[in-house]
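# A look at the structure
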Amino acid sequence: MAGTTRICGCKGYRFCVECENAFAKEFVNLSTSLPPVDRVYEYCIKCKKAWPVETTLDVSLCPSHSGTPIDIEGIHIQESFLTDEESRKLLKGCDSIEWSQSQSGRRKQNFGPKTNFKEKKLKIGNFKGFPTVFKWVHKKIKEVKILEDYKVIENCSLEYRPETGAYIDKHIDDCWVWGERIVTINILGDSYLTLTKYEGSHDKYNLKYVDFKSKHSVANNVAIRLPMPVNSLMVLYGEARYIWEHAVTRSDINKRRVCIALREFTSWFLDGSNEVANEVLRKAKEYYPIEQRFEA
């Protein structure tokens, strides 16, 4: 499977519906549903605790949920961050840009520097700044208190569609180049982000560059589902950023979903000592009309 040529965009052990149809036997033991865990919890946006669930959490019952909750730090979810009109405007802007095939049934639009996490290399690549359609939303996130000083250096639009079997594997965003605050703006389609505790080596994800320890005991062998309603803003930081892997399962994509993921630099790329990082930060202040993207 790792050596097969696939025009869908998938590589290695990542797959989509097209892969399954073409290489069915190769994918028989792979799953895109919730991982096997002892208990599933759902995070309540109102009381900011995760509660045990069998299906979905009834937020209207807050604070009278049943069961014993668990605490998890480092989650900020702001419902109605966008108005319906703003989300339509942002979606129209995304769809005015050509989508590229990505892995696991997704499509993407990526604007940012070229990075090599394994070799820890940062290059400007063809990064010239961002399309003007994103300028207003980059400004709007600074109205959120915990993002007042956020400097966007990557803007990645992601599209998930049920007909392609889209999902994203559990992972932690690289810790060498991407900063603490991971931002997602959900502009079309309600969904969930599923967290499971990471138990592996700190060499993976470059976690060795982060000196973070949770202030309380972290539950083992559980999954925590974070609601991502349409028009919402989600920020992961601290414990939720570094202790838990996050994923979007295929079972949580019931219709087309479009979101925008924003990234910032780690602190050592902000101290002025790295010339490539300095150039990225300069370019990240520039915006251009779509037709200028591929100009030399």
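Okay, so let's go over this structure. All figures in this text were calculated on a predicted structure; none of them were measured in a lab.

What follows deals with the pattern of salt bridges. This model, assessed by the stated rule, comprises 15 salt bridges. Of the charged contacts, one joins Arg181 and Asp149 as a salt bridge, the two residues approaching to 2.7 Å between their closest N and O atoms. Taken together, the residues Arg181 in the loop between strand E10 (168-171) and strand E11 (182-188) and Asp149 in the loop between helix H3 (135-140) and strand E9 (154-160) connect sequence positions 32 residues apart. Taking relative accessible area as the criterion, Arg181 reaches 16% and is therefore assigned buried. The closest approach of N and O atoms between Arg282 and Glu279, which form a salt bridge, is 2.7 Å. Residue Arg282 and its partner Glu279 are both found in helix H5 (residues 275-283); the two are separated by 3 residues, about one turn of the helix. You can call Arg282 partly exposed: its relative accessible area is 44%. For Glu279, a relative accessible area of 26% gives the class partly exposed. What you see here is one network of salt bridges that share partners, running through Asp95, Arg107, Glu159, Arg161, Glu163 and Arg256.

Position of Gln109 among the secondary structure elements: in strand E5 (residues 107-111). Overall, the relative accessible area of 1% leaves Gln109 in the buried class. A polar atom in the side chain of Gln109 sits 2.6 Å from the backbone oxygen of Cys94. A polar contact of 3.0 Å, which involves the side chain of Gln109, links it to the backbone oxygen of Ile97. Every residue in contact with Gln109, bar those within four places of it in the chain, is listed here: Cys94, Ile97, Glu98, Trp99, Phe134, Asn155, Cys156 and Ser157.

Now for the nonpolar core. Ranked by size, the top nonpolar core spans 37 residues in total, and within it Ile141, Ile185, Leu233 and Phe265 carry the most contacts. Breaking this core down by element, the ones donating at least two residues are helix H2 (84-95), E11, strand E14 (233-236), strand E16 (257-263) and H5. Listed in part, the 29 residues of the second largest apolar core include Ile70, Ile182, Leu193 and Leu236.

This part covers the pairing of E5. Pairing geometry for strand E4 (residues 100-101) and E5, over 2 bridges, is antiparallel. Looking across to E5, one finds that Gln101 is bridged to Arg107. With 5 bridges joining them, E5 and E9 adopt antiparallel strand pairing. The residue of E9 that forms the bridge with Asn110 is Cys156.

Thresholds applied
Sequence order as written defines residue numbering, which begins from 1 separately in each chain. Totals for whole chains, interfaces and linings use all residues, but because this is a predicted model, local features are given only for residues with pLDDT of at least 70 and pairs of side-chain atoms are given and counted only at 80 or more. Based on all heavy atoms of the structure, the side-chain values leave hydrogens and waters out of the count. We define a salt bridge as a side-chain nitrogen of Lys or Arg found within 4 Å of a carboxyl oxygen belonging to Asp or Glu. Numbering of helices and strands runs from the N terminus; a helix is a DSSP stretch of H or I covering at least four residues, while a strand is a stretch of E covering at least two. For the exposure calls, accessible area comes from a 1.4 Å probe over protein chains only, and a residue counts as buried if that area is under 20% of its type's maximum, exposed if over 50%, partly exposed in between. Any N or O atom pair separated by 3.5 Å or less is treated as a polar contact, with the protein-specific requirement of one donor-capable and one acceptor-capable atom, and with residues adjacent in sequence counted only for side-chain atom pairs. By the convention used here, residues are in contact when the closest approach between their heavy atoms is within 4.5 Å. In these notes, a set of buried Ala, Val, Leu, Ile, Met, Phe, Trp, Tyr and Cys residues joined through side-chain atoms within 4.5 Å is what counts as a nonpolar core. At least two DSSP bridges between two strands are needed for those strands to be called paired.

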